[in-house]
Structures are given as structure tokens and as C-alpha cells.
Protein chains: 2
Amino acid sequence: MNAPAVILIRPQMGENIGAVARAMNNFGLSELRLVAPRDGWPNPKAHSTAARAEHIIDAAKVYATFEEAIADMQLVLATTARPRDIAKRVTTPDLAAQELRAHAGNTALVFGPERAGIENSEITLCDAIITIPTAGDNSSLNLAQASVILGYEWVKASGAAPLFTQPATLDLAPKEEMTGMLAQLEDYLDKVDYFRGDHKKPTMLQNIKTMLLRGAWSAQEVRTFRGILRAIWERRLNA
Amino acid sequence: MNAPAVILIRPQMGENIGAVARAMNNFGLSELRLVAPRDGWPNPKAHSTAARAEHIIDAAKVYATFEEAIADMQLVLATTARPRDIAKRVTTPDLAAQELRAHAGNTALVFGPERAGIENSEITLCDAIITIPTAGDNSSLNLAQASVILGYEWVKASGAAPLFTQPATLDLAPKEEMTGMLAQLEDYLDKVDYFRGDHKKPTMLQNIKTMLLRGAWSAQEVRTFRGILRAIWERRLNA
């Protein structure tokens, strides 16, 4: 797997660099490049928010200019919250992740400085702009937020199985167990004259069956419910 | 639009509550409910990380128990990083967002406390569990990260147009402008005897055309390139 490098241009707060490293670690990215970090490097504050991603902070490389940071890159995608007056292709985080996955060479995701954003002269050197969908005009995401979204889409684009799936106990009961349970219930209801000869009995039964089937029970849950029915039925006989 | 409420169970750090509010504001969510926040409420630290979402912090409602917080809810989805021994449906952020969009009633997204996560007795009251895809065993996302991902998927599920799209200057040139440009180039190349009678001229020309067409130029860019060709051609004549 050829994961993209993450390039931060002129990052200001060490805490934000750490938060980006944490997100990278959460989502399987490991190569961090810093262009002219404001407070120099190394920066102890970057460790405080990196959680278990200190190894990414420690391995980060520092460059004087963006040109140097992308020198060996073949596909460079930059995130930005505002449109630019540059005839540059625009893409979204999910499409960008698929594009990065499909690219065999060296790739990079670029994030600009906290307030100013990436300069147009730097955008010009990138292959495309990524715009992250937000609501209305609250489009300003911080570095921690933006890196989480791109990392998350990178993992999603892998098509990997989710972290965990339905528990096996949720496996649906075979239909014969459901119909057996429904027959048992109908038998009890008939015996207690629940329907009182109502001509709507078929509709009422249909609604009851629909209601019970909606729960999508497992075989064990069907057995539990049948036990409940039987317990109530037998207690009624003993009462 | 019936956006889900966000419910934080026993949140610890005010800064994290603020970060969740910021993410909510970024992604069009506004109703915040807090179950027994550790440091009481109001909490001044929640404002410090809320960016422009102070109104969400100010309108947050506090509940003593999770049951009270979900009393009026009809669909409640809980995020958790670890599987539970509960026969509960498991979903993903994108599918959860679509499910919330499709639901007409009151819905909620639930996040557990920072370290301990949601208790099983609380998970039991939810309709499904959301698991966020991460890389390998680095599955521990903080509140700020998890709320950004769910908010982002909520906006994505709206099918709304992205924040901005390709600039109009990227509209591709009509093909006749491309072929005109290529004809002009071929004319110059013939006049300077670029191909020197090489029998591979057709292949060479095909490669040159392919290379130039890959840029997917706009009409203006085609005109610019034709101007460049002409300028070089004429300067050559003057030289």
C-alpha cells in the first residue's frame, strides 16, 4: 500500500501538528512533512496532542519551501476551504481518496496554515483542490478536523472490512423457527379466546405477526420469546 | 430538515464539548444534549474551543440520565470503538447518516465519555451501533474526531452541491479549437522540418497530440497556447 504523505505548510501551533499526527495514525498514514513550521522544529507541544502517534512526530521531515517538500511527489492534492481564481480541478475527499489509492507513485495531501490557508502560488503547483463539504457558510475546519476527514476517507476507500460487524448472535432465525413461534402464539391466543370470534381475526393476526417479525430475531431470541410465552401460559393455568 | 440531536454521555473535558459544538456548527447540527457532564454546567472551557458555535453551547440542555436525554427520541444511534456483547445492529457513519436523513421523527447521535466509552446498559437502549472505520488497531478517536466524521457524513448524505466546484475557466474547449491548435502546431513543425522525413512522423504526431490533449485545456488556454506558438514562430523568423 502506497499511502500519501501529509504535508503541512507553515503550521503555527504545535498542538495542531500533534492532532494531525494522531489522525494520521488512526487512519494508516505515517509520513509527515512540515514546510517552515512557525515555531521551529522539533516542537515539544506537538507531542502533547499526538496521543500514540509520537513516532510520526519524531520521523517528520522539515523543508524550507513547498517546492522542496513536493520535489519527489507525482500527485499532490491540496485541501482548501475557499475557491481560488485558478483553473484547477476540484475534487472531494472521497473521490480524492480513490484517486490516491489508484495512483502507484508518490502522492501527498496538503494542508495550509491555520488562518491564512494555502497561497495561490502553492495551489498552482498542486494537481487538484479538495473541498470538504460543510453546512452553509461554516466552512472553516481546523487542521485536526480536516486531517481526520481525509484520513477517514483514505481508510474508507480501501474497501476494508469495518472494525467490527454484527455479532453472530444477531444471525436471523430460520423462517421455520419464526413460523413455529407464531403458531405457538396463535394457539395460546385461540385458547384464551383472545379474538372473541371477531371477523377481523385474520387482519389482527397479520398485524401481530408483522410487529413481531420486525424485530428480526435470532434463533436464540425466538427460543427466549417462546419460553416467555410458555411461562405466562403455564402460570395462567396455575393461577 | 430534521437534523439529529447530539448527545454526549458524561463528557469530561469542557474543551471536548466545545470541539463537538464546533463540528456540529460546521456540519449543520444544532441541538446538543449533555448527560451528567463531569465538571458541571455551564463550563467556561467549552466556549474556548467552540469557535463560532457558542450559540450551541449556550443552548445545550443537561440531563441527569441517558434515559431522560433520549425520552423524546425515536431513533438513537451510538458510536463506539469496540464491539459489544449485545445483539445490536452495527452500521457505519455513511449508512447511519442516510438512515437519519430518511427518518421523519426525532433522532440522536450518541457519543460516550472520553475514556470509558458508553456503558452496555446504555447501548442496550440505542437502536444501532455506529463503528467508524480506522486503520488497524488505532481505533481510538477522540470526541472531536468522531463528531467531525459523523457531521461530515450528515452533510454528505444531503446530496448537497459541494462548497464550490470547478471554476468556469476550466470548461473544456470545443474540439474544433483543439484540432485547430494541433493543425497550427503541425504546420509550424513541418515548416521547420521537425520530422526530417522520419517515417515515424504519424506516431510522433500522435504522441504529441495525446500529450497536449491530456491537459484538458479550456478555450482560453488553447488561445494562450496558440499565442505562445505564434510568438515563438515569429521570433524565429525575426531572429
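Residues numbered from 1 in each chain as written. Chains lettered and ligands numbered in written order. Predicted model: local features only at pLDDT ≥ 70, side-chain atom pairs only at ≥ 80, totals over all residues. Heavy atoms only, no water.

K.L.:
Any chance you could explain the packing of helix α1 (residues 14-26) of chain B against helix α7 (residues 143-156) of chain B here in plain terms?
P.N.:
All names here are of chain B. At a minimum axis distance of 8 Å, the contact between α1 and α7 shows a crossing angle of 15°. Put simply, α1 runs roughly parallel to α7. Considering how the two elements wind past one another, α1 and α7 form a crossing that is right-handed. Every residue of α7 that contacts α1 at N16, A19, V20 and A23 is listed here: L143, A144, S147 and V148. Here the contact of α1 with α7 is built from residues that sort into six nonpolar, two polar and no charged. (Axes fitted to C-alpha atoms, helices over the stretch in contact; angles between N-to-C directions. Helix = DSSP H or I, 4+ residues; strand = E, 2+ residues; numbered from the N terminus. Parallel < 35°, antiparallel > 145°, perpendicular 65-115°, else oblique. Left-handed = near helix turned anticlockwise from the far one by under 90°. Contact = heavy atoms within 4.5 Å. Nonpolar A, V, L, I, M, F, W, Y, C, P; charged D, E, K, R; others polar.)

K.L.:
Explanation requested: the sheet that holds strand β1 (residues 5-9) of chain B in the structure shown.
P.N.:
Residue and element names in this part refer to chain B. If you trace the seven strands from one edge of the open sheet to the other, you get β3-β2-β1-β6-β4-β7-β5, paired in parallel fashion. Two strands in the sheet have a free side with no partner beyond their single neighbour: β3 (61-63) and β5 (90-91). Note that β1 and strand β2 (residues 32-35) share four bridges and pair parallel. The residue of β2 that forms the bridge with I7 is R33. Against the sheet, α1 touches β1 and β2, its axis set at about 165° to β1. (Pairing = 2+ DSSP bridges.)

K.L.:
Sorry, what's going on with the packing of aromatic side chains here?
P.N.:
Each aromatic ring pair is characterised by the separation of its centres together with the angle its planes make. This structure, assessed with the given rule, holds nine aromatic pairs over all chains. Judged by centre distance (6.5 Å) and plane angle (85°), the ring pair of Y152 of chain A and Y152 of chain B falls under edge-to-face. Of this pair, Y152 of chain A sits in helix α7 (residues 143-156) while Y152 of chain B sits in helix α7, which puts the two residues in different chains. The pair formed by Y152 of chain A and Y152 of chain B is uniform in burial state, with each residue classed as buried. (Phe/Tyr/Trp six-rings, centres within 6.5 Å; stacked < 30°, edge-to-face > 60°. Buried < 20%, exposed > 50% of the residue type's maximum accessible area, 1.4 Å probe, protein only.)

K.L.:
Any chance you could explain the interface of chain B and chain A here in plain terms?
P.N.:
Interfaces are often sized by the accessible area lost when the parts come together. Listed as interface residues are 47 residues of chain B and, on the opposing side, 47 residues of chain A. Taking both partners together, chain B and chain A bury about 3,900 Å²; carbon and sulfur atoms supply 60% of that area. Its largest share of buried area at the contact with chain A, chain B owes to Y152, L163 and F164 of chain B, together 18% of the area lost on that side. Counting every contact that joins chain B to chain A gives four salt bridges. Salt-bridge contacts for K156 of chain B lead to E153 of chain A; the nearest nitrogen and oxygen are separated by 2.7 Å. Seen at the junction of chain B and chain A, the total is 16 residue pairs in polar contact (both at pLDDT 80 or more). For the side of chain B that touches chain A, the element with the most residues is α7 of chain B, which contributes seven residues. Of the residues assigned to the side of chain B that touches chain A, the class counts are 22 nonpolar, 15 polar and ten charged. (Buried area = accessible area lost by both parts, 1.4 Å probe. Salt bridge = Lys/Arg side-chain N within 4 Å of Asp/Glu carboxyl O. Polar contact = N/O pair within 3.5 Å; in protein donor to acceptor, adjacent residues only side chain to side chain.)

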